[in-house]
Amino acid sequence: MRIAKLIMFCIFGVAAILPSPGLADGKQNFSLENRTGYKISEVYVSPGKASTWEEDVLGEDELANEETVTIRFSRSDKSCNWDLKVVYDDGDTSEWEDFDLCKISIIRLFYNRKKGTSWAETE
């Protein structure tokens, strides 16, 4: 009986010290909402003022209008200010600079093709 209790104690003790999936995420995680009226085929997120864009975070996926994707960071990423670039399915692009992702949890993207303007709203 004591051995069974010892085994259960060890199992629960190890489980308590292992990081949960949520704890491994960075504080910069955010949801990207597409409210542009168009499909987004690529999304790039790079540290503020970086000289190049990182890789496409959507990979082979696309972000349809009215859809949302969660973009996750490693806990080892320390920078809070990030730039964002999207490529629409027709090749047009929009870019934004200096989102403080340590304070923002949602970025909603909008685009008016007639006026050629895009904007973002944050929470």
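Just so we're clear, the structure is a prediction, and the values are computed from it rather than from any experiment.

Rules behind the numbers
Residues numbered from 1 in each chain as written. Predicted model: local features only at pLDDT ≥ 70, side-chain atom pairs only at ≥ 80, totals over all residues. Heavy atoms only, no water. Buried < 20%, exposed > 50% of the residue type's maximum accessible area, 1.4 Å probe, protein only. Helix = DSSP H or I, 4+ residues; strand = E, 2+ residues; numbered from the N terminus. Pairing = 2+ DSSP bridges. Disulfide = S-S within 2.5 Å. Salt bridge = Lys/Arg side-chain N within 4 Å of Asp/Glu carboxyl O. Axes fitted to C-alpha atoms, helices over the stretch in contact; angles between N-to-C directions.

S.K.: Looking at this structure, how should I read the pairing of strand β2 (residues 40-47)?
M.R.: Side chains on a regular strand alternate between the two faces of the sheet. A large share of β2 lies buried, amounting to six of its eight residues. Two strands pair when backbone bridges link them, and β2 and strand β4 (residues 81-88) are joined in this way by seven bridges, in the antiparallel orientation. Within β4, the position partnered with Pro47 by the bridge is Trp82.

S.K.: Got a minute to help me understand the state of the cysteines in this structure?
M.R.: The bond known as a disulfide is covalent and runs between the sulfur atoms of two cysteines. A complete count under the given rule lists one disulfide for this structure. A disulfide bridge connects Cys80 with Cys102, and the sulfur atoms are separated by 1.9 Å. Judged by the sign of its S-S torsion, about -85°, the bond between Cys80 and Cys102 is left-handed. A residue pair is termed long-range when its members are at least 10 positions apart, and Cys80 in the loop between β3 (68-71) and β4 and Cys102 in the loop between β5 (93-100) and β6 (106-112) qualify at 22 residues. Classification of Cys102 as partly exposed rests on a relative accessible area of 28%.

S.K.: It is not clear to me how the pattern of salt bridges should be interpreted in this structure. Could you clarify?
M.R.: Oppositely charged side chains may form a pair once their charged atoms are brought near each other. By the definition in use, this model includes eight salt bridges. Taking the shortest distance from any N to any O, the salt bridge between Glu97 and Lys49 comes out at 3.5 Å. On the criterion of sequence distance, the pair formed by Glu97 in strand β5 and Lys49 in the loop between β2 and β3 is long-range, its members being 48 residues apart. With respect to class, Glu97 is no different from Lys49; both count as exposed. On the accessibility criterion, Lys49 (59% relative accessible area) is exposed. Shared partners join several salt bridges into a network, and the residues in it are Glu33, Arg35, Glu66, Arg108 and Glu123.

S.K.: Quick question: what am I supposed to make of the sheet that holds β3 here?
M.R.: With mixed pairing, the four strands of this open sheet are ordered in space as β3-β1-β6-β7. Strands at the two margins of the open sheet, each flanked by one partner only, are β3 and β7 (117-122). Looking at each pair of strands side by side, their axes are set apart by 20° on average, direction ignored. Pairing of strand β1 (residues 30-34) with β6, which is carried by four bridges, proceeds in the parallel orientation. When the bridges of β6 are listed, Ser31 appears paired with Ile106.

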